[in-house]
Amino acid sequence: MEDNKLSISVIVPMFNTEEYIQETISSLLSQSFQNIEMILIDDCSTDRTYELASFYASNYDNILLFRQQENKGVSAARNAGLAKARGEYIFFLDSDDTLPADALEKLYAAAIRTQADIVTGIYDRFDKKGTSISNIFNIHPELKIEGNIDLYSTPSLLYSVYSCGKLFKRDIIVQATFLETLNYGEDQIFTIEALLKAKRVYNLSSVIYNYRVRDGETESLSQSVYKDPVRNFEYLKEMLRVIDKLFVRYISDPKVRLKLFSVYLSRALHWNIWTAVSHGLLSMNMSTRFIILSHYESWLVGLNSDLYEANRSDFQAIHNKIGKIRSVLDQRTQEMCDRLLLKSH
């Protein structure tokens with residue numbers, strides 16, 4: 001297969017997903033569009049993930065398998081895949097998720113037809129009980145409409161900022177990398193920069209990605225990250241800092257910049273920050289409760305006043321939630337909550 005004729009590079013970072021990796025690879029092999037290469041990057045799995053992937057790599061010429069010399073995290077694995085990718089377009093697939101059989105065909109056809117830099121679409125969530133459309137598309141039904149889309153006409157696109165489930169033209173991400181110092185939110189930074197750089201984004205009205213919701217001991221990184229809410233909150237603060245710089249770099253109009261960043265902050269507050277804060281407050285470790293509240297309060301103090309005002313209703317909603325769980329907390333944490341809520345009024 002000649003380099004200049006390769007259409008899509010699918011990058012699959014892997015770590016301890018022996019239970020799912022065969023299903024993931026099979027969904028790629030079953031694609032109706034096959035002018036693709038599959039780049040599997042194993043991040044030093046300690047189970048049979050690499051062994052299972054090796055079977056496929058030895059039997060299919062378009063499956064390339066690599067193993068990191070040391071465990072560096074999903075960002076480094078994706079970066080390693082990007083460095084090896086030869087396709088005109090890039091697609092990221094997590095090693096426990098799957099694709100509908102016609103996903104890549106639809107994405108590539110739309111990219112060629114519309115000359116889009118990014119093509120996105122709808123994704124489902126599935127577990128052992130069944131499959132349902134991700135709730136983001138019920139909250140923002142405009143994201144189910146097929147056609148050209150951009151951040152300025154449809155700011156709710158900032159609610160769909162995962163790197164998986166999108167077809168990126170290689171040209172707009174050729175110099176981009178995932179921030180390896182973050183273990184959470186790194187894909188949001190990558191995707192937002194791509195959306196800000198893209199001249200044309202096209203949205204499909206069909207399902208093009210199946211996200212697996214795992215249970216218990218086999219939960220994914222995006223689920224398990226909440227076991228350490230304090231560290232997760234620090235990742236989120238750094239994520240927001242980097243994304244704020246991206247908005248400054250790519251959007252010159254301060255009013256437009258504030259409007260769009262406030263939309264993204266609303267998403268981050270309800271989906272990310274509240275999850276970290278609530279898990280910290282409900283921790284059985286008393287010091288975790290104190291630390292998470294202190295970090296959250298410190299972050300609030302340093303927040304731009306215009307941005308706080310633009311998202312006042314979002315902060316009020318978060319603080320109302322804190323007030324509702326206050327009664328089940330210990331006395332010292334209750335007092336800290338009271339001081340925080342008093343300051344926020």
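Structure first, text after, so check above.
Below is a summary of the structure that appears in this document. (Residues numbered from 1 in each chain as written. Predicted model: local features only at pLDDT ≥ 70, side-chain atom pairs only at ≥ 80, totals over all residues. Heavy atoms only, no water.)

Some points on the overall build of the protein chain
In step 1: For the protein chain, the count of helices and strands is 14 helices and nine strands.
In step 2: A compact globule built from 345 residues would reach a C-alpha radius of gyration of about 20 Å, and the protein chain, at 21 Å, matches this within 12%.
In step 3: Principal-axis analysis of the C-alpha atoms places the extent of the protein chain at approximately 65 × 45 × 35 Å.
In step 4: Buried positions account for 55% of the 345 residues belonging to the protein chain. (Helix = DSSP H or I, 4+ residues; strand = E, 2+ residues; numbered from the N terminus. Rg over C-alpha atoms; globule rule 2.2 N^0.38 Å. Buried < 20%, exposed > 50% of the residue type's maximum accessible area, 1.4 Å probe, protein only.)

With respect to the nonpolar core
Here is a general trend for soluble globular proteins: nonpolar side chains tend to be buried in one another's company.
In step 1: By size, the foremost hydrophobic cluster in this structure holds 111 residues, and its most contacted members are I8, F91, L104, Y264, Y296, W299 and I322.
In step 2: Considering every element that reaches this core, the biggest residue donor is helix α10 (residues 254–281), with 11 residues.
In step 3: Residues contacting Y264, with those up to four places away along its chain left out, are L158, V161, Q188, I192, M239, L240 and I243. (Core = buried A, V, L, I, M, F, W, Y, C linked by side-chain atoms within 4.5 Å. Contact = heavy atoms within 4.5 Å.)

Looking at the environment of E234
In step 1: Within the secondary structure layout, E234 lies in helix α9 (residues 229–250).
In step 2: Here the alpha-carbon distance between E234 and L182, two residues 52 residues apart in the chain, equals 9.3 Å.
In step 3: Polar side-chain contacts of E234 include one of 2.7 Å to the side chain of H295. (Polar contact = N/O pair within 3.5 Å; in protein donor to acceptor, adjacent residues only side chain to side chain.)

Remarks on the pattern of salt bridges
In step 1: Scanning all chains against the criterion turns up 15 salt bridges.
In step 2: Measuring nitrogen to oxygen at the nearest pair gives 3.3 Å for the salt bridge that ties E234 to K237. Taken together, the residues span about one helical turn, with E234 and K237 both in helix α9 at a distance of three residues.
In step 3: Classification of K237 by relative accessible area gives partly exposed; the value is 25%.
In step 4: One salt-bridge network, held together by shared partners, links R78, D94 and E186. (Salt bridge = Lys/Arg side-chain N within 4 Å of Asp/Glu carboxyl O.)

Here we look at unusual backbone geometry
One can expect most non-glycine residues to show negative phi and most peptide bonds to be in trans.
In step 1: One non-glycine residue, N16, lies in positive phi territory at about 50°.
In step 2: Along the polypeptide, N16 turns up in the loop between β1 (8–14) and α1 (21–29).
In step 3: Notably, C44 is not glycine yet its phi reads approximately 60°, a positive angle.
In step 4: In this structure, C44 sits in the loop between β2 (36–42) and α2 (49–59).

Examining the packing of α10 against helix α11 (residues 286–301)
In step 1: Between α10 and α11, the shortest axis-to-axis distance is 8 Å and the interhelical angle comes to 150°. In this view, α10 runs roughly antiparallel relative to α11, as classed from their interaxial angle. Residues L265, L269, I273, A276, V277, G280 and L281 of α10 form the contact with α11, whose participating residues are T288, R289, I292, L293, Y296 and W299.
In step 2: The residue inventory of the contact of α10 with α11, partitioned by class, reads 10 nonpolar, two polar and one charged. (Axes fitted to C-alpha atoms, helices over the stretch in contact; angles between N-to-C directions. Parallel < 35°, antiparallel > 145°, perpendicular 65-115°, else oblique. Nonpolar A, V, L, I, M, F, W, Y, C, P; charged D, E, K, R; others polar.)

Thoughts on α10
In step 1: The end-to-end C-alpha distance of α10, which contains 28 residues, comes to just 35 Å, noticeably less than the 40 Å that a straight helix rising 1.5 Å per residue would cover.
In step 2: Taking the largest bend as the criterion, α10 deviates by roughly 45°, centred on L269.
In step 3: N-capping of α10 is provided by D253, with a side-chain oxygen placed 2.9 Å from the backbone N of K255. (Expected span 1.5 Å × (residues − 1). Bend = angle between axes of the 7 residues up to and from the residue.)

Brief notes about the packing of aromatic side chains
In step 1: Taken as a whole and judged by the stated rule, the model has 19 aromatic pairs.
In step 2: Among the aromatic side chains, those forming a connected cluster through ring pairs are F233, Y296, W299, Y308 and F315.
In step 3: The ring centre of Y50 lies 4.5 Å from the NZ or CZ of R67, which sits over that ring.
In step 4: A cation over a ring is seen here: R78 above F178, with NZ or CZ 5.2 Å from the ring centre. (Phe/Tyr/Trp six-rings, centres within 6.5 Å; stacked < 30°, edge-to-face > 60°. Lys NZ or Arg CZ within 6 Å of the ring centre and 35° of its normal.)

With respect to the packing of α1 against α2
In step 1: One can describe the packing of α1 onto α2 by two numbers: an axis separation of 10 Å at closest approach and a directional angle of 25°. Between α1 and α2, the crossing angle belongs to the class labelled roughly parallel. In the packing of α1 onto α2, the handedness of the crossing is right-handed. Contacts between α1 and α2 involve I21, Q22, I25, S26 and L29 on the former and, on the latter, T49, L52, A53 and Y56.
In step 2: When the residues that make up the contact of α1 with α2 are grouped by side-chain class, the tally is six nonpolar, three polar and no charged. (Left-handed = near helix turned anticlockwise from the far one by under 90°.)

Looking at the side chain of S134
In step 1: In this structure, S134 sits in the loop between β6 (130–133) and α5 (136–139).
In step 2: Classification of S134 as buried rests on a relative accessible area of 7%.
In step 3: Sequence-distant contacts of S134, defined by excluding residues within four places in its chain, comprise Y123, D124 and R125.

Any functional reading would require information beyond the geometric quantities listed.
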